[in-house]
Amino acid sequence: MTTAIQDIQDLEERRRAAMIAADVAALDALCADELSYTHSNAAVDGKADYIAKVANGYFDYHALTFSDQQIRLVGDVALVTGRMTGDIVMGGQPRKLNGQTTVIWIKSAGRWQMLAFQSTPVPAS
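Quick caveat, the model's predicted, so the values are computed rather than measured.

Trainee: I keep staring at the overall build of the protein chain and nothing clicks. Help me out?
Mentor: Helices and strands together make up the secondary structure of the protein chain, namely 3 helices and 6 strands. Starting at the N terminus and walking to the C terminus, you meet the elements of the protein chain as α-α-β-β-α-β-β-β-β. Rg of the C-alpha trace for the protein chain: 14 Å, near the compact-globule value of 14 Å for 125 residues, within the 12% margin. Dimensions of the protein chain, computed from C-alpha atoms along their principal axes, come out at roughly 40 × 35 × 20 Å. With 125 residues in all, the protein chain has 35% of them scored as buried. Summed over its atoms, the accessible surface of the protein chain is roughly 6,600 Å², and 52% of this surface lies on carbon and sulfur atoms. Of note, the protein chain has its 11 positive side-chain charges centred 4 Å away from the centre of its 14 negative side-chain charges.

Trainee: Which parts of the structure should I look at to understand the nonpolar core?
Mentor: Soluble globular proteins tend to bury their nonpolar side chains together. One finds Ile8, Met19, Tyr37, Tyr50, Tyr61, Trp105 and Met114 to be the most contacted residues of the largest nonpolar core, which totals 29 residues. Elements with a minimum of two residues in this core: α1 (3-21), α2 (24-30), β1 (31-38), α3 (47-55), β3 (59-74), β4 (77-90), β5 (93-108) and β6 (111-121). When neighbours within four sequence positions are excluded, Tyr50 is seen to be in contact with Met19, Leu27, Tyr37, His39, Asp45, Phe59 and Tyr61.

Trainee: Hey, could you run me through the sheet that holds β4 in this one?
Mentor: Sheet strands pair via backbone hydrogen bonds, and the direction of the pair is either parallel or antiparallel. In spatial order, the strands read β2-β1-β6-β5-β4-β3; together these 6 strands make up an open sheet with mixed pairing. Edge strands, defined here as strands with exactly one partner in the open sheet, are β2 (44-46) and β3. Averaged over all neighbouring strand pairs, the angle between strand axes comes to 20°, with direction disregarded. For β1 and β2, the ladder comprises 3 bridges, and the chain directions are antiparallel. Pairing of Ser36 across the sheet is with Gly46, part of β2. Sitting on the sheet, α1 is in contact with β1, β3, β4, β5 and β6, with an inclination near 170° to β3. Contacts between α3 and the sheet are confined to β1, β2 and β3, with β2 contributing the most and set at about 100° to the helix.

Conventions used here
Residues numbered from 1 in each chain as written. Predicted model: local features only at pLDDT ≥ 70, side-chain atom pairs only at ≥ 80, totals over all residues. Heavy atoms only, no water. Helix = DSSP H or I, 4+ residues; strand = E, 2+ residues; numbered from the N terminus. Rg over C-alpha atoms; globule rule 2.2 N^0.38 Å. Buried < 20%, exposed > 50% of the residue type's maximum accessible area, 1.4 Å probe, protein only. Areas by Shrake-Rupley, 256 points an atom, 1.4 Å probe, with all protein chains shown as cover. Lys, Arg positive; Asp, Glu negative; His and termini not counted. Charge placed at Lys NZ, Arg CZ, Asp CG, Glu CD. Core = buried A, V, L, I, M, F, W, Y, C linked by side-chain atoms within 4.5 Å. Contact = heavy atoms within 4.5 Å. Pairing = 2+ DSSP bridges. Axes fitted to C-alpha atoms, helices over the stretch in contact; angles between N-to-C directions.

Here you go:
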């Protein structure tokens with residue numbers, strides 16, 4: 001395993017922990033200013049809107065698991081695909097998360113930041 005792949009795995013875990021803890025300072029550092037965050041309901045937030053929604057409790061993550069992650073490196077871009085499951089309260093309504101995700105990390109000025117997130121719901125079987 002390359003150092004860059006281990007770095008991305010560590011960043012994904014830091015992101016998961018920051019989401020659960022509503023650690024907006026950590027999320028701000030992890031996300032690029034140009035972030036595009038596409039939720040499983042097709043709503044799209046930029047960085048400021050996403051972080052504000054975490055800060056004000058609109059997104060209240062209770063449990064979150066990232067699994068089956070595959071990481072591919074292309075120059076200074078890391079593509080992470082995998083599964084995200086969990087429990088969240090969104091806008092006051094409890095929801096179960098069960099999605100296939102794509103995350104794009106970019107390396108700029110010597111550090112990795114998340115540029116894009118996309119979640120696609122996994123249909124119930």
